[in-house]
Every structure is written in structure tokens, then in C-alpha cells.
Amino acid sequence: MKLEKREITLNEYDSLKDVYYLEKTLLREYTARLALAKCKETENELTRLLDEVTEDMTVAENLMKRAREENAMTK
């Protein structure tokens, strides 16, 4: 049985989608931990991180839209 080498390429959109879903996972984890937090400093830090992650998700989403549009124009 002969194994063939496959060329696997990631385009910009796929990479950004991976980033977006990683950020989404972080958002879920921070939210879950916030519900369990007992210390005010921990709550403040998790809230700050939640804000940061939502900003990152917005940037990733905008970049994904731009990448999709550019990809559609080249086809």
C-alpha cells in the first residue's frame, strides 16, 4: 500500500477562524470561572480578560470577513 503525500494548505480565513474559535473557548472558560470566583480581585481580573477576549474576537471576525471578501474577488 502506497501512501501519498498530500499538500495541506491553510489560507488566511482558516487561520483566523481557528483564532476566533480559540477566543470563543477562552470566553466560555473565563465566564465559567467568573461564576465560581470568591475574591474581588479575581472577579476584576476575569472581567478584564473577558473584555479583552471580546475585543480580540471582534477583530478576528472583521479580519475573517475581509479575508473571505478578498478570496471571493480572486476567484
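Residues numbered from 1 in each chain as written. Predicted model: local features only at pLDDT ≥ 70, side-chain atom pairs only at ≥ 80, totals over all residues. Heavy atoms only, no water.

Details of the overall build of the protein chain
Thought 1: What the protein chain contains, in helices and strands, is two helices and zero strands.
Thought 2: Looking at the protein chain as a whole, 17% of its 75 residues qualify as buried.
Thought 3: For the protein chain, the proportion of contacts with a sequence separation of at least 24, taken over those separated by at least 6, is 64%.
Thought 4: Total accessible area on the protein chain stands at roughly 6600 Å², and carbon and sulfur atoms take up 53% of it. (Helix = DSSP H or I, 4+ residues; strand = E, 2+ residues; numbered from the N terminus. Buried < 20%, exposed > 50% of the residue type's maximum accessible area, 1.4 Å probe, protein only. Contact = heavy atoms within 4.5 Å. Areas by Shrake-Rupley, 256 points an atom, 1.4 Å probe, with all protein chains shown as cover.)

Overview of the packing of aromatic side chains
Any two aromatic rings considered together are summarised by their centre-to-centre distance and by the angle between their planes.
Thought 1: Considering all chains together, one arrives at one aromatic pair under this definition.
Thought 2: Between Tyr 20 and Tyr 21 the ring centres are 5.6 Å apart and the planes differ by 80 degrees, which places this aromatic pair in the edge-to-face class.
Thought 3: The exposure class assigned to Tyr 20 is buried, which follows from its relative accessible area of 18%.
Thought 4: Judged by its relative accessible area of 44%, Tyr 21 falls in the partly exposed class. (Phe/Tyr/Trp six-rings, centres within 6.5 Å; stacked < 30°, edge-to-face > 60°.)

Observations concerning the pattern of salt bridges
Thought 1: Tallied over the full model, the rule gives four salt bridges.
Thought 2: Here Arg 48 makes a salt bridge to Glu 52, at a shortest N to O gap of 2.9 Å. One end of the pair, Arg 48, and the other, Glu 52, are both in helix 2 (residues 40-74), four residues apart, so they sit about a helical turn from each other.
Thought 3: Among the ionic contacts, a cluster of salt bridges with common partners joins Glu 45, Arg 48 and Glu 52. (Salt bridge = Lys/Arg side-chain N within 4 Å of Asp/Glu carboxyl O.)

Considerations on the environment of Thr 54
Thought 1: Structurally, Thr 54 can be placed in helix 2.
Thought 2: Residue Thr 54 is classed as partly exposed on the basis of its relative accessible area, which comes to 36%.
Thought 3: With 27 residues separating them along the chain, Thr 54 and Leu 27 place their C-alpha atoms 7.5 Å apart.

Side note on helix 2
Three- or four-residue spacings in an α-helix give side chains the same orientation, since the helix completes a turn every 3.6 residues.
Thought 1: Between its first and last C-alpha atoms helix 2 spans 51 Å; for 35 residues at 1.5 Å apiece the expected length is 51 Å, and the two agree.
Thought 2: Those residues of helix 2 that sit buried are Leu 46, Leu 49, Leu 50, Val 53, Met 57, Ala 60, Met 64 and Ala 67.
Thought 3: Of the surrounding secondary structure, the elements contacted by the buried residues of helix 2 are helix 1 (12-36). (Expected span 1.5 Å × (residues − 1).)

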